[in-house]
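Reading the structure
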Amino acid sequence: HKAHLFNAVVGDGFNYSESNSTESGGKVPDVIQTEYGKISSAICYDIRFPELFRALSEKGVELCFLPAAFTVPTGEAHWHVLLRARAIENFMYVLAPGQTGTHDPHGKRKTFGHSLIISPWGEILDEINNEEGFAIAEIDLQRLNEIRNQLPSLNHRLF
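**Some words on the overall build of the chain**
- Of the regular secondary structure elements, the chain holds three helices and 10 strands.
- Going from the N terminus to the C terminus, the chain shows its helices and strands as β-β-β-β-α-β-α-β-β-β-β-β-α.
- For 159 residues, the compact-globule estimate of 2.2 N^0.38 gives 15 Å, and the chain sits close to it at 16 Å.
- Reported as C-alpha extents along the three principal axes, the dimensions of the chain are approximately 50 × 30 × 25 Å.

**With respect to the environment of phenylalanine 65**
- Note on placement: phenylalanine 65 falls in strand 5 (residues 63-65).
- The class for phenylalanine 65 is partly exposed, based on a relative accessible area of 33%.
- Discounting chain neighbours no more than four positions away, the residues touching phenylalanine 65 are Ile39, Ser40, Ser41, Ala42 and Leu95.

**Some thoughts on unusual backbone geometry**
- Positive phi, normally seen in glycine, also occurs at phenylalanine 91, with a value near 45 degrees.
- Of note, phenylalanine 91 is situated in the loop between helix 2 (72-90) and strand 6 (93-96).
- Of note in this structure, histidine 114 is not a glycine but carries a positive phi near 60 degrees.
- Take histidine 114: it is sitting in the loop between strand 8 (110-112) and strand 9 (115-118).
- Using a relative accessible area of 12% as the deciding quantity, one classes histidine 114 as buried.

**As for the pairing of strand 4 (residues 37-41)**
- The pairing of strand 3 (residues 32-34) with strand 4 spans three bridges and is antiparallel. Each bridged residue has a counterpart across the sheet, and for isoleucine 32 the counterpart in strand 4 is isoleucine 39.
- Joining the antiparallel neighbours strand 3 and strand 4 is a turn of two residues.
- As paired strands, strand 4 and strand 5 are joined by three bridges and run parallel to one another. Across the sheet, the residue bridging to serine 40 is cysteine 64, located in strand 5.

**Some details on the environment of tryptophan 79**
- Along the chain, tryptophan 79 falls in helix 2.
- With a relative accessible area of 1%, tryptophan 79 lands in the buried category.
- In the structure, tryptophan 79 is positioned 35 residues away from cysteine 44 in sequence and 9.8 Å away in space, judged by C-alpha atoms.
- Once you skip the residues sitting within four places of it in the chain, tryptophan 79 turns out to touch Leu66, Ala68, Phe70, Thr74, Ala96, Gly98, Phe112, Gly113, His114 and Leu116.
- Within the structure, the side chain of tryptophan 79 is placed 2.7 Å from the backbone oxygen of histidine 114, a separation counted as a polar contact.

**Comments concerning the pattern of salt bridges**
- Counted according to the given criterion, the structure contains five salt bridges.
- Notably, a salt bridge pairs glutamate 18 with lysine 2, separated by 2.7 Å at the nearest N-O pair. Taken together, the residues glutamate 18 in the loop between strand 2 (15-17) and strand 3 and lysine 2 in the segment before strand 1 (7-9) connect sequence positions 16 residues apart.
- In this structure glutamate 18 comes out as partly exposed when scored by relative accessible area, which is 23%.
- Where glutamate 146 meets arginine 143, a salt bridge forms, and the shortest distance between an N and an O atom there is 3.6 Å.

Calculation criteria
Throughout this description, residue numbers start from 1 for each chain and increase along the sequence as written. Side-chain atom pairs in this predicted model are given and counted only at pLDDT of 80 or more, local residue features only at pLDDT of at least 70, and totals for whole chains, interfaces and linings cover all residues. In computing side-chain properties, one takes all heavy atoms of the structure into account and sets aside hydrogens as well as water. What counts as a helix is a DSSP run of H or I of at least four residues, what counts as a strand is a run of E of at least two, and both are numbered from the N terminus. Radius of gyration here uses only the C-alpha atoms, and the compact-globule reference equals 2.2 Å multiplied by the residue count raised to the power 0.38. Using a 1.4 Å probe on the protein chains alone, a residue whose accessible area is under 20% of its type maximum counts as buried, one over 50% counts as exposed, and one in between counts as partly exposed. Should any heavy atoms of two residues lie within 4.5 Å, those residues are counted as being in contact. Think of it this way: DSSP has to see at least two bridges between two strands before they count as a pair. In protein, a polar contact means a hydrogen-donor-capable atom and an acceptor-capable atom, both N or O and within 3.5 Å, with residues adjacent in sequence counting only if both atoms are side-chain atoms; elsewhere, any N or O pair within 3.5 Å suffices. In what follows, salt bridge is the name for a side-chain nitrogen of Lys or Arg lying within 4 Å of a carboxyl oxygen of Asp or Glu.

Quick look at the structure:
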């Protein structure tokens, strides 16, 4: 349910126009209760819309999966900052697999990689840079609840 489509020119020589081939999910993604907590997802460009993550937070999401194919220019400038911000603002774990490599016949379109697992406190728990692999980290829902209770900013919102 990718909500926001990436239509941009970011300075790497490509005109990205997802709306030419992709349709928005048009809604906040569903939340699934699992033995590992309340899980939902967002996709790539969705990371730039804090209101989407706030809506997920209001639904009690504890783990948000955020697969992405960030471009190198936007990844270098924004990937880590945006992921950490969404985790901190909403006190949720963010598990963000990032596509890496070259993706066009001429070897020019490259994705940033840097798969990350971010804690609700904004800590990078594990990171895979530009290589293939997987990140592993402990997801501690008890610690998540402690953080939410110690700093109950989600309950203090005016809007």
